[in-house]
Amino acid sequence: PATTVETEVLIVGAGPAGAAAAALLSTYGIDNIVLNKYGSVSNSPRAHITNQRTVEVFRDLGLEGEVIRQATPQHLMGEHVYATSLAGDELGRLRTWYTHPHFKAEHDLASPCSVCDLPQDLLEPILVGAASSRGSSVRFDTELLTFTQDDDGVTARVRDRLAGTEYHIRSKYLIGADGGNSTVVKQLGLPLVGEMGSGGSINVVFEADLTRFVEHRPGDMYWFVQPGVGHGGGGIGVLRMVRPWAKWIGVWGYDVTAGTPSLTEADGIRIAHQLIGDDSVPVKIESMSTWAVNQVYAEDNTKGRVMCVGDAVHRHSPMNGLGSNTSIQDSYNLCWKLALVLRGQAAPTLLDSYREERVPVGRQIVDRASRSEGLMPPIFQALNLPRTPDAQSMQNALAALSEPTTAAWERRRAFDSALQDTIMCFNTHGVETNQNYRSNAVVPDGTPDSDAPRDEELYHFATTRPGRHLPHLWVTRDQQRVSTFDLCGKGGFSLLTGVSGGAWRDAAREISERLGVPIRVHTIGHGGDYEDSYGDYAAQSEVEEDGAILVRPDHIVGWRAATLPANPAAALGDALEQILGLR
Ligand code: FDA
């Protein structure tokens, strides 16, 4: 092909990871092209759970309001009912997604943002729209075929699937955001570990007004112990809310070793009715699809000028809802680094920290999701069911649960505890929020990496130690509450200090001028830029009033000083140069 189009960054894929990367790069003023092989955004709801860290990214992008407007809020997400069907007997309930009062407090303390439930087919247009309106060239029906890279850039061969023509795109960097069947990962030969296609699920998207079954126990998922649903018969059927309470996904298992089932509309209606437990409810099937559960992560996400984000480098079950969230956060980690390198403000070695920081996260979330998958079978084991239970044995087992015998008592205990243990499929606040990066873009301050006081997967751990996420603290200005998060981000570095830390302002000005990298300085406390009205900054900043916290554009603490050193400009300059790969 003769034509060659040029851009700074080519993004392959316009799912959550790629569309977020495009929106971020355009917001940072970096020229980019984003490709989507297909003619539209996701045509089915897929991912829904949008966790606090992801909403923070949207807040930073100025998109939080639009996301909240379209999403189902937290208070309608939480009641997860286990039952024989939606109309059938309840076996127990969980308060998920931090709606238990104890977790709600933890949740609200961790972030100015709230978890919400936004179907992927509504999220993607928000991101693609922001990318497009801020300068990205969004190319639908355009497929990456192959690419080559050299010392100066990447040349991709792409195909316009409408015109059937091919052309080249030459970029300085390429982001592989092309999902679970990534061409980019395959072509790079990135090492993948784990198992693909370990279990199959059928998704039936349908419209039905189920208000009368759920409005008194609002939740985004209802779990049903029914025979024949899962792989090997011992699985669990799910009704997944898409829009309250009129649109749903019925999730049903199938045995992948028997091949992909071909489904008729009648099959879809049968599945929906079996999950609802009332055949008289009018059901309108919108779509049906099958998907396989993968448990795979890449041991490396980068080769030369190509970085991979999202499902391309981590694929796992939807348990814990970490997929699209982690994908968007990969892009949030990568894009400010690319912007600084492309503007010549940082050395290309800054990009190594993308690998160092995000490969461990990919490994961690795949491990978490697969352990969460393992929490469902004990529910069936507790019922002492045969491997492929029929309706009668299931009914007998459930009836036996109510018997006043010692054996049934044991079984009740095992069943209730198995059911309650599944809370780790939903509430893993620590996995979502406790990033702890070790890389050349984090400057250690010599303090030991103390153990979190509580289970680090379950609970958020707020600290300003370098490599950790900046704690969210409310401060005030003109009597208005402002989160510490809002003082940071937007593609730039920020320095937080107390009222006695005025000398940091001169230091930051000097270093900004020398390195050509803006640093915003905010003093917090009596008479400062922001009032520490609740005393939270003094109590939780872990630095003295004349100390300082250097926050990277992605809200990660890059460095901190416990007190004002003799030469603050030298100290700040050393730290920032190290982060930028300049020393
Ligand atoms: P994604 O697959 O979304 O996007 C890939 C993009 O690349 C697409 O635009 C595609 O067209 C494009 N592409 C591919 N090859 C290309 C090529 N050669 N050239 C050009 N373009 C190409 N996650 C979560 O966080 N919470 C949840 O609740 C759930 N629930 C859930 C339910 C179900 C049923 C599924 C299947 C998945 C989830 N997930 C989830 C996971 C979530 O859907 C998934 O993690 C994200 O879509 C990943 O986003 P990516 O952008 O990485 O890939």
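Check the entry above for the structure.
This one's a predicted model, so the numbers in the text were calculated from it and none came from an experiment.

K.L.:
Requested: an account of the packing of aromatic side chains, with residues and values cited.
P.N.:
Remark: the centre distance and the inter-plane angle together describe each pair of aromatic rings, the angle taken between the planes. The final tally for this structure, using the stated rule, is 9 aromatic pairs. Plain terms: the ring middles of Phe103 and Tyr459 are 5.7 Å apart, the flat faces sit at 20° to each other, and that makes the pair stacked. With Phe103 in helix H4 (residues 101-110) and Tyr459 in the loop between helix H14 (429-433) and strand S20 (474-477), this pair connects stretches of sequence that are 356 residues apart. Residue Phe103 is classed as buried on the basis of its relative accessible area of 11%. On the basis of relative accessibility, which here comes to 16%, the residue Tyr459 falls in the buried class. Members of the aromatic cluster, each reached through a chain of ring pairs, are Tyr82, Trp97, Trp223 and Phe426. When the ring centre of Tyr173 is taken as reference, the NZ or CZ atom of Arg305 above it lies at 4.9 Å. Lying over the aromatic face of Trp474, Arg481 brings its terminal NZ or CZ to 4.0 Å of the ring centre.

K.L.:
Talk me through the sheet that holds strand S3 (residues 49-50); I want residue IDs and the actual numbers.
P.N.:
Taken in spatial order, the 3 strands of this open sheet run S3-S7-S4, and their pairing is antiparallel. Lying at the two open borders of the sheet, with one neighbouring strand each, are S3 and strand S4 (72-73). The pairing of S4 with strand S7 (residues 116-117) spans 2 bridges and is antiparallel. Residue pairing across strands places Pro73 opposite Cys116, the latter belonging to S7.

K.L.:
Tell me about the layout of surface pockets, and name the residues and values.
P.N.:
As a volume, the second largest pocket reaches approximately 340 Å³. Breaking the lining of the second largest pocket down by element, the ones donating at least two residues are helix H9 (323-342), helix H10 (352-373) and H14. Sort the elements by how many residues they give to the lining of the second largest pocket and H10 lands first, with 7 residues. For the lining of the second largest pocket, the residue count by class is 6 nonpolar, 9 polar and 8 charged. Of the domains in this structure, domain 1 (4-47 + 119-191 + 299-370) and domain 3 (434-579) are the two that each give at least three residues to the lining of the second largest pocket.

K.L.:
How would you explain the pattern of salt bridges if you had to name every residue and give the values?
P.N.:
In the structure shown here, the tally under the stated rule is 38 salt bridges. Arg93 is the partner of Glu90 in a salt bridge, and the nearest nitrogen-oxygen pair spans 2.9 Å. Exposure remark for Glu90: the relative accessible area of 35% places this residue in the partly exposed category. A salt bridge links Glu357 to Arg552, with the nearest nitrogen and oxygen atoms 2.7 Å apart. On the criterion of sequence distance, the pair formed by Glu357 in helix H10 and Arg552 in the loop between strand S24 (548-551) and strand S25 (557-561) is long-range, its members being 195 residues apart. In terms of burial, Glu357 and Arg552 fall into one category: buried. In this structure, a network of salt bridges that share partners links the residues Glu79, Glu90, Arg93 and Arg217.

Conventions we followed
- Going along each chain's sequence as written, the residues are numbered from 1 onward.
- In keeping with the model being predicted, local features are shown solely for residues with a pLDDT of at least 70 and side-chain atom pairs are shown and tallied solely at 80 or more, while totals for entire chains, interfaces and linings include all residues.
- To obtain the side-chain values, all non-hydrogen atoms of the structure were included, while hydrogens and water were left out.
- By convention, a stacked pair of Phe, Tyr or Trp rings (six-membered ring in the case of Trp) has centres within 6.5 Å and planes under 30 degrees apart, an edge-to-face pair has planes over 60 apart, and any other such pair is tilted.
- In this description a helix means any DSSP run of H or I spanning at least four residues, a strand means any run of E spanning at least two, and both kinds are numbered starting from the N terminus.
- In this scheme, a residue with accessible area under 20% of its type's maximum is buried, one over 50% is exposed, and one in between is partly exposed, where area comes from a 1.4 Å probe on protein chains only.
- Think of it as a cone above the ring: NZ of Lys or CZ of Arg counts as a charge over the ring if it is within 6 Å of the ring centre and within 35 degrees of the ring normal.
- Whether two strands pair comes down to DSSP finding at least two bridges between them.
- Of the two site types, the cavity is a set of points on a 1 Å grid over the protein atoms alone where a 1.4 Å probe fits but cannot get out, and the pocket is an open set with protein on both sides within 12 Å along at least five of seven lines, each lined by residues with an atom within 4 Å of a point.
- Grid points are joined across faces, edges and corners, and a volume is the space filled by probe spheres set on the points.
- By the convention adopted, Pro, Cys, Tyr, Trp, Phe, Met, Ile, Leu, Val and Ala count as nonpolar, Lys, Arg, Asp and Glu as charged, and the other residues, Gly among them, as polar.
- Residue ranges labeled as domains rest on an automatic or database domain assignment.
- Salt bridge criterion: a side-chain nitrogen from Lys or Arg within 4 Å of a carboxyl oxygen from Asp or Glu.

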